[in-house]
Amino acid sequence: MEKYNVLADRAVHYGASHVSDFSVIRTSREGVLRSMVDTVSNMVKLTDNEMAYLLGMTPRNLHRIATDKRLGTDASERLLLLKNILIHALDTFEGNETVVRNWLRTPVSELNDQTPLQMMDTVTGFTLVDDVLGRLDYGLPA
């Protein structure tokens, strides 16, 4: 199906386009394959524990889901939002995975001295992290 092309890419890379808001909603409702978790985590080498936290589940529960099964609506939405954040961060930091990984784990004053990873346990947190990246894109303090 045409609407899944952005999700079918096995290797998401710097310069990839993000998933639109309406596509996030539609795809989240249908569920994203568990295998997509590994694809997204490999973008900047996030750990299994970090991925489980960002998806709102325990590492044990995440590992219990077979790669050919679909995630629930909430976890699917979080995964797609995370993919968009990582694409934005890679664009902001010129494709440097190490810099992105370090930035995600470093407290940011704009985020009440929490790390971007800590903030992304809620959908609102994803928005705030994306806003900080937008500020960095325009050379504003973040």
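Above this text sits the structure in question.
These figures come from a predicted structure and were not determined experimentally.

Draft legend 1. Geometry of the overall build of the chain. Helix and strand counts for the chain stand at nine helices and zero strands. For the chain, the sequential pattern of α-helices and β-strands runs α-α-α-α-α-α-α-α-α. Per-residue burial over the chain gives 42% buried out of 142 residues. Sequence-distant contacts, at least 24 apart, represent 67% of the contacts inside the chain between residues at least 6 apart. A total accessible area of about 7,800 Å² is found for the chain, and carbon and sulfur atoms account for 49% of it.

Draft legend 2. Focus on helix α6 (residues 73-92). Taking 1.5 Å of rise per residue, 20 residues should cover 28 Å, and α6 covers 28 Å from first to last C-alpha, within 8% of that figure. With 16 of 20 residues buried, α6 lies mostly within the body of the structure.

Draft legend 3. Inspection of the packing of aromatic side chains at higher detail. Evaluated as defined, the whole model comprises one aromatic pair. The interplanar angle of 50 degrees and the centroid separation of 5.8 Å between the aromatic rings of Phe93 and Trp103 together place this pair among those described as tilted. Residue Phe93 is located in the loop between α6 and α7 (97-104), and its partner Trp103 is located in helix α7; the two are separated by 10 residues in the primary sequence. Residue class for Phe93 comes out partly exposed when judged on its relative accessible area of 21%.

Draft legend 4. A look at the environment of Tyr53. The topology assignment puts Tyr53 in helix α4 (residues 48-54). Tyr53 sits 64 residues away from Leu117 along the chain, and the two C-alpha atoms are 8.8 Å apart.

Draft legend 5. Representation of the packing of helix α2 (residues 21-30) against α6 in the model. Where α2 contacts α6, the two axes come as close as 7 Å, and the packing angle between them is 140 degrees. Crossing geometry of α2 relative to α6 is assigned as right-handed. On the side of α2, the interface is formed by Val24, Thr27, Ser28 and Arg29, while α6 contributes Thr73, Ser76, Glu77, Leu80, Leu81 and Asn84. Residue composition of the contact of α2 with α6, grouped by class: three nonpolar, five polar and two charged.

Draft legend 6. Quick look at a negative patch on the surface. On the surface, a cluster of negative charge is contributed by Asp91, Glu94, Asp130, Asp131 and Asp137. Within the fold, Glu94 resides in the loop between α6 and α7. For Glu94, a relative accessible area of 66% translates into the label exposed.

Rules behind the numbers
Residues numbered from 1 in each chain as written. Predicted model: local features only at pLDDT ≥ 70, side-chain atom pairs only at ≥ 80, totals over all residues. Heavy atoms only, no water. Helix = DSSP H or I, 4+ residues; strand = E, 2+ residues; numbered from the N terminus. Buried < 20%, exposed > 50% of the residue type's maximum accessible area, 1.4 Å probe, protein only. Contact = heavy atoms within 4.5 Å. Areas by Shrake-Rupley, 256 points an atom, 1.4 Å probe, with all protein chains shown as cover. Expected span 1.5 Å × (residues − 1). Phe/Tyr/Trp six-rings, centres within 6.5 Å; stacked < 30°, edge-to-face > 60°. Axes fitted to C-alpha atoms, helices over the stretch in contact; angles between N-to-C directions. Left-handed = near helix turned anticlockwise from the far one by under 90°. Nonpolar A, V, L, I, M, F, W, Y, C, P; charged D, E, K, R; others polar. Patch = residues over 30% accessible without salt bridge, like charges linked within 9 Å, V, L, I, M, F, W, Y side chains within 5 Å. Salt bridge = Lys/Arg side-chain N within 4 Å of Asp/Glu carboxyl O. Lys, Arg positive; Asp, Glu negative; His and termini not counted. Charge placed at Lys NZ, Arg CZ, Asp CG, Glu CD.

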